[in-house]
Amino acid sequence: MARLWSLLVLAVLIGGVLTFAIGPTYRMSLPQDVSTHGHTIDGLYYFILALTGIVFIATQSVLFYFMWRYEANTNKDPITYTHGSHTLEIVWTIIPAATLLFISIFQFDSWAEAKMRNPMYGPDGKPGTADDMPPTLEVTARQWEWRLRYPGQDGRLGTADDLFTVNELHVPVNQDIVVSLKSMDILHSFFLPELRVKQDAVPGMKIPVWFQATKTGRYELVCAEHCGARHYAMKGMLVVDTPEDYQAWLRKLTREQFRTQPATTQTNATADNATSNNATSNNAPADSTQLTSANQGEL
Ligand SMILES: [Cu+2]
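Residues numbered from 1 in each chain as written. Predicted model: local features only at pLDDT ≥ 70, side-chain atom pairs only at ≥ 80, totals over all residues. Heavy atoms only, no water.

Caption draft 1: The packing of helix α2 (residues 38–69) against helix α4 (residues 108–116), seen in detail. Contact geometry for α2 and α4: axes closest at 9 Å, N-to-C directions at 150°. Judged on the interaxial angle alone, α4 and α2 are roughly antiparallel. Read as a crossing pair, α2 and α4 show a hand that is left-handed. Residues H39, T40, I41 and L44 of α2 form the contact with α4, whose own contacting residues are S110, E113 and A114. The residue inventory of the contact of α2 with α4, partitioned by class, reads 3 nonpolar, 3 polar and 1 charged. (Axes fitted to C-alpha atoms, helices over the stretch in contact; angles between N-to-C directions. Helix = DSSP H or I, 4+ residues; strand = E, 2+ residues; numbered from the N terminus. Parallel < 35°, antiparallel > 145°, perpendicular 65-115°, else oblique. Left-handed = near helix turned anticlockwise from the far one by under 90°. Contact = heavy atoms within 4.5 Å. Nonpolar A, V, L, I, M, F, W, Y, C, P; charged D, E, K, R; others polar.)

Caption draft 2: Region of interest: the coordination of the copper ion. Listed as protein donors to the copper ion are H188 (ND1), C223 (SG), C227 (SG) and M234 (SD); their distances from the metal cover 2.1 to 2.6 Å. The site at the copper ion holds 4 donor atoms, and with the angles between them running 89 to 124°, its shape is tetrahedral. Within one chain, the residues serving as donors to the copper ion are arranged as H-x34-C-x3-C-x6-M. Taken together, the residues span a long stretch of sequence, with H188 in strand β6 (residues 188–192) and M234 in the loop between β9 (217–223) and β10 (235–241) at a distance of 46 residues. (Donors = N, O, S within 2.8 Å, 3.2 Å for Na, K, Ca; no water. Tetrahedral: all angles 85-135°; square planar, octahedral: opposite > 155°, others 65-115°.)

Caption draft 3: Expanded view of helix α1 (residues 4–22). In this model, α1 (19 residues) spans 26 Å end to end at C-alpha, consistent with the 27 Å of a helix rising 1.5 Å per residue. The elements touched by buried residues of α1 are α2. (Expected span 1.5 Å × (residues − 1).)

Caption draft 4: Examining the pairing of β6 more closely. Most of β6 sits inside the fold, with 4 of its 5 residues counted as buried. As defined by bridge partners, β6 adjoins strand β7 (residues 197–201) across 5 bridges and the pair is classed as antiparallel. What sits directly across from F191, in β7, is K198. Where β6 hands over to β7, the hairpin turn is made up of 4 residues, of which R196 adopts a positive phi near 55°. As paired elements, β6 and β9 share 2 bridges and run antiparallel to each other. If you follow F190 over to β9, its bridge partner there is C223. (Buried < 20%, exposed > 50% of the residue type's maximum accessible area, 1.4 Å probe, protein only. Pairing = 2+ DSSP bridges.)

Now the structure itself:
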């Protein structure tokens with residue numbers, strides 16, 4: 001029993017290494033990557049994991065050895081005291097500082113690929129110019145849901161035919177997507193784990209977020225910033241569609257939205273929803289759609 005504590009340290013070492021070794025088998029590792037830029041984020045993660053893993057194994061092993069070798073009840077060697085060592089302190093300050101400096105330089109390329117080389121910056125490579133790709137959609141975070149706004153038939157956001165939905169984010173596969181991210185109330189964080197996208201939503205700011213999905217399917221959309229009592233409930237779904245399915249979903253959304261509104265913008269509706277809108281649109285007041293859309297836009 002005398003060496004119980006040293007064995008406990010050894011158990012932490014073995015348990016820690018085993019957890020990472022069997023993690024992928026039990027789906028306790030990174031989620032699948034379905035983005036074009038995710039590989040560089042994952043590479044960075046595994047590089048830092050290896051670096052910290054080696055340090056963890058080395059320090060735990062040394063700690064175990066010394067606890068075992070010099071256990072108080074059985075150790076016969078005389079105790080020696082030291083009164084500090086400047087050399088040692090300089091060495092253990094410089095090594096971590098140099099390591100952190102190296103990581104901060106090493107990650108430049110990942111940051112550039114994930115955040116800089118994207119359609120928000122246009123062919124001229126400068127942000128905020130006319131070459132920039134307009135947002136595919138607008139995401140507004142609020143306690144505790146995701147409000148999504150898509151351009152209507154005119155292809156522009158902020159107009160009367162915009163489409164609105166909540167918590168179900170659709171994007172087409174293999175296409176550049178630019179999200180304009182906002183918050184209605186407090187800090188939230190727009191997190192798409194399988195897309196390796198995480199960006200804070202900040203009140204008063206419109207933040208562009210870029211990604212491209214490489215595989216169709218349904219993935220998680222969650223809030224990664226604690227934002228109140230029902231933070232846990234602030235989750236939606238990312239649906240990556242084929243281009244055909246995406247267009248079909250937009251048409252369905254258009255039909256559903258304009259069925260419940262006395263729309264006057266009949267020309268904006270698609271051919272297959274024209275019939276359903278005919279009954280209401282002829283008698284609707286001229287500004288009713290604009291009023292409704294404008295109100296929703298403020299949400
Ligand atoms: Cu939140």
